[in-house]
Amino acid sequence: MCGIVGYIGNKTDIKIGLEALKRLEYRGYDSAGMAVYNPEQKEVSAVKAVGKIVNLEKKLAKVDLKGVPFLFYTRWATHGGVTKLNCHPHTDCKKNIWLVHNGIIENYQTLKEKLIQRGHKFISETDTEVLPHLIEHYFQGNLEEAVRKALRFVRGTYALAIISKEDPEKLVLARNSAPLLIGLGEKEYLAASDPSAVITHTKKVIYLDDGEVAVLTPSQFFIQDLNQHRIQKEVNEIDWDLEEAQKSGYPHFMLKEIMEQPESINNSLRGRLIIDSGLAKLGGIEMVQDKLKNIKKVNIVACGTSYYAGLVGEYMLEEYAGIPTEIDLASEFRYRKPILDKKTANLFISQSGETADSLAALKEVKRKEGLTLGIVNVVGSSIARETEAGVYNHAGPEIGVASTKAFTSQLSILALLTLFLGRQREMSLVMGQRIAKELSKIPELVKKVLDEPMQVKALAEKYKKCDHFLFIGRKYNYPVALEGALKLKEISYIHAEGYGAGEMKHGPIALIDKKFPTLAICPLDSVYEKMISNIQEIKARGGPIIALTTENNKDIKNMVEDVIYVPKTLEMLTPILSVIPLQLFAYYMGVLRGCDVDKPRNLAKSVTVE
Ligand code: G6P
């Protein structure tokens, strides 16, 4: 995720762009940049700064830049570390075409090789840089024509704002699976990733759709598809205030992040699944693939929600990749004496990439020369830099303190890793194909679960006065029970415990009475019958039960108070679906009890102290 802004109109004050960009900072904040066309010098000037937008602002205060059109950009790194060179706007060899991009160009490597053969010089590690060079290749004086021709060869996602010093009266926009809109002002247009950037300027917007290219001049605009057919678009009136707009209309970041999981999981999977060959392509670990072929054990180390994702990973890796796997809390791992050898891979899972305990454990493993891998969301973070190899989540920034979309992204990456390691070993082609195919359907199934939030809200209404909650599950959904309980306690401050359902009889069942509800996660899987026995035991003691099960499971209705249904998928992937109603449940419970769901008391997003 990144934020982009483009302006063309009768003003030359770049502050318009800077102010708009500031409101997109939640979309990414590791570096920021801008470019502006100066009509007197007939040149484009660019300024970039590593860090938050304020660093760019400080730099801009020292130079007197004016002009039009201009572009602004805030980065959430995907390809290439956090450096000035990797920050947008990117340009071509002649510094003619300048653009900002939100999205991922999947075939950038192939395009880059071809462009290098044709003599183009690249200076960054990004996927984006191929775009200005490709546009340069087709440029013959008309910017939109070159953009259209270039985009025919581009695979991936993009929201683009583009200017050219040789066709300077235009701002060209293009969109494919990444948000982009045009704010319509008086003799001016302000394009941006979302309405929050334009809302103080204008409330009239046009949302671009996939495959559309917009050409804007100071006085008019038109929108076409890639085949040059004109498209008439509806003008929308924004009726939100600024704060709501930053959350895309959602009342909280947590709800926004829960709702964007189909997209974030898609981003985690994009370009990484080869269904026909039943393989996972994970560029970030390819350089250690020979070492990985020989490993006999995996140690997973993480904290909080990432630890629960790791627990699911343990089940996946053992069952499908056939590799003995151990998982530990980073705060424990760092102080015990783990037995490490050359045949053990140590996998660190961290959304922020900065968690102090995980980082300390990682450093300890490195000191002992163990192989270290990462699953990290924040590009260029400490854990990402310190690990020998790894996989980025590409889930976009997570602002809500309680992790939601990072968790489902971590599970998706762990499934990819299982496929990767499994196919290096005994996993058959057919099994590989099956996992890859089911995994590719997950974003669509997640969307289906999210289509029914009101059902979960109604449950929260019913149970909001409860002071205690138990979450139980088995096998793949045991960690989901732990995560469901964690979400509820951190967001609504209700006392909640997560348990392996088989452990109930060893203590927790003593707590059960009619005021102590249990949420039982029991999809139709290999341990379903066992779960039913545990549900009966709770029922016999008068405990109310909410069952979360697979759609079409009608039998359970007569056994429990309430049922939540999720679609059917492969057993190892069920946690990605079953956790979603639990996230929503925690969210609505928190809201109904008047809690600050985005910033729960006593918690922090990135725990950089021990
Ligand atoms: C904090 C956050 C959690 C997160 C945990 C681990 O407690 O509030 O949401 O799961 O840290 O963070 P990491 O960034 O390493 O995944």
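Everything that follows concerns the structure shown earlier in this document.
Attention here is on the structure that accompanies the text. (Residues numbered from 1 in each chain as written. Predicted model: local features only at pLDDT ≥ 70, side-chain atom pairs only at ≥ 80, totals over all residues. Heavy atoms only, no water.)

1. Focus: the pattern of salt bridges
- Taken as a whole and assessed by the stated rule, the structure comprises 32 salt bridges.
- Residue K22 is joined to E19 by a salt bridge in which the shortest nitrogen-to-oxygen separation is 3.4 Å. Note that K22 and E19 are positioned in helix α1 (residues 15–22) at a spacing of three residues, about one turn of the helix.
- When its relative accessible area of 33% is taken as the criterion, E19 is described as partly exposed.
- Among the salt bridges present, the one from E571 reaches K475, with a minimum N-O distance of 3.4 Å. One end of the pair, E571, is in the loop between β26 (562–566) and α19 (574–592); the other, K475, is in the loop between β22 (468–473) and α17 (478–492), and 96 residues separate them in sequence.
- On the accessibility criterion, E571 (16% relative accessible area) is buried.
- Using a relative accessible area of 22% as the deciding quantity, one classes K475 as partly exposed.
- It is possible to trace a salt-bridge network through shared partners that takes in K297, E326, D328 and R336. (Salt bridge = Lys/Arg side-chain N within 4 Å of Asp/Glu carboxyl O. Helix = DSSP H or I, 4+ residues; strand = E, 2+ residues; numbered from the N terminus. Buried < 20%, exposed > 50% of the residue type's maximum accessible area, 1.4 Å probe, protein only.)

2. A few points about helix α8 (residues 261–269)
- For α8, the tally of buried residues reaches seven of nine residues, placing the bulk of the element in the interior.
- All buried positions along α8 are accounted for by Q261, P262, S264, I265, N267, S268 and L269.
- The first or second residue beyond α8 is G271, which carries a positive phi of 75°.

3. Considering the sheet that holds strand β17 (residues 297–302)
- If you trace the five strands from one edge of the open sheet to the other, you get β18-β17-β19-β20-β21, paired in parallel fashion. Each of the sheet's edge strands pairs with one partner strand only, and the pair in question is β18 (325–329) and β21 (389–392). For this sheet, the mean inter-axis angle between neighbouring strands, taken without regard to orientation, is 20°.
- Across the face of the sheet, helix α12 (residues 356–367) comes into contact with β17, β19 (344–350) and β20 (371–376) while running at roughly 160° to β19. (Pairing = 2+ DSSP bridges. Axes fitted to C-alpha atoms, helices over the stretch in contact; angles between N-to-C directions. Contact = heavy atoms within 4.5 Å.)

4. Thoughts on the site of the ligand
- Around the ligand, the structure places 13 residues, and the nearest of them are S306, S350, Q351, S352 and T355.
- The side chain of T355 places a nitrogen or oxygen atom 2.5 Å from an oxygen atom of the ligand.
- S403 places a polar main-chain atom, nitrogen or oxygen, 3.4 Å from an oxygen atom of the ligand.
- For the ligand, whose free accessible area comes to 390 Å², the fraction covered by protein is 90%.
- Tallying contributions element by element places helix α10 (residues 304–321) first for the shell around the ligand, with three residues.
- Split by residue class, the shell around the ligand holds four nonpolar, eight polar and one charged. (Near = heavy atom within 4 Å. Polar contact = N/O pair within 3.5 Å; in protein donor to acceptor, adjacent residues only side chain to side chain. Areas by Shrake-Rupley, 256 points an atom, 1.4 Å probe, with all protein chains shown as cover. Nonpolar A, V, L, I, M, F, W, Y, C, P; charged D, E, K, R; others polar.)

5. Focus on unusual backbone geometry
- A cis geometry characterises the amide bond from V68 onward to P69, with omega recorded as 0°.
- Relative to the elements of secondary structure, P69 occurs in the loop between α2 (53–61) and β4 (70–75).
- A cis amide bond links H88 with the next residue in sequence, P89, at an omega value of -5°.
- Structurally, P89 is set in the loop between β4 and β5 (90–91).
- If you check the backbone angles, S248 has positive phi at about 50° while not being a glycine.
- By the secondary structure assignment, S248 is in the loop between α6 (242–246) and α7 (253–259).
- One non-glycine residue, N552, lies in positive phi territory at about 80°.
- Residue position: N552 is located in the loop between β25 (545–550) and β26.

6. Quick word on the environment of V63
- Looking at where V63 falls in the secondary structure, it is placed in the loop between α2 and β4.
- Spatially, the C-alpha atom of V63 lies 9.5 Å from that of V47, the residues being 16 residues apart in sequence.

7. Things to note about helix α5 (residues 143–151)
- The buried fraction of α5 amounts to seven of the nine residues, a majority that puts the element mostly inside the structure.
- Taken together, the buried positions of α5 are occupied by L143, E144, A146, V147, R148, A150 and L151.
- Elements in contact with the buried residues of α5: β6 (97–102), α4 (130–138), β7 (158–164), β8 (171–176), β12 (212–216) and β13 (221–225).
- Taking the backbone nitrogen of E144 as reference, a side-chain oxygen 3.1 Å away marks N142 as the first, capping residue of α5.

8. Brief notes about the nonpolar core
- Counting residues in each nonpolar core, the largest one holds 92 residues, and the members touching the most others are I285, L292, F469 and F585.
- It is α19 that provides the largest number of residues to this core, a total of 11 residues.
- Contacts of I285, omitting those with residues within four sequence positions, involve L292, L373, A389, G390, V391, L417 and F420. (Core = buried A, V, L, I, M, F, W, Y, C linked by side-chain atoms within 4.5 Å.)

9. Some points on the packing of aromatic side chains
- Scanning the entire structure with this criterion turns up 11 aromatic pairs.
- An angle of 90° between the planes, with centres 6.0 Å apart, marks the rings of F70 and F72 as edge-to-face.
- Residue classification places F70 among the buried positions, given a relative accessible area of 0%.
- When the ring of Y315 is compared with that of Y476, the centres are 5.6 Å apart and the planes differ by 50°; the resulting orientation is tilted. Of the two residues, Y315 sits in helix α10 while Y476 sits in the loop between β22 and α17, which places them 161 residues apart along the sequence.
- Relative accessible area serves as the criterion here: at 0%, Y476 is assigned to the buried category.
- In this structure an aromatic cluster arises from ring pairing among Y463, F469, F471 and F585.
- Geometry around Y29 places K52 over its ring, the cationic atom sitting 5.8 Å from the centre.
- Directly above the ring of Y493 sits R601, whose terminal nitrogen or CZ lies 3.8 Å from the centroid. (Phe/Tyr/Trp six-rings, centres within 6.5 Å; stacked < 30°, edge-to-face > 60°. Lys NZ or Arg CZ within 6 Å of the ring centre and 35° of its normal.)

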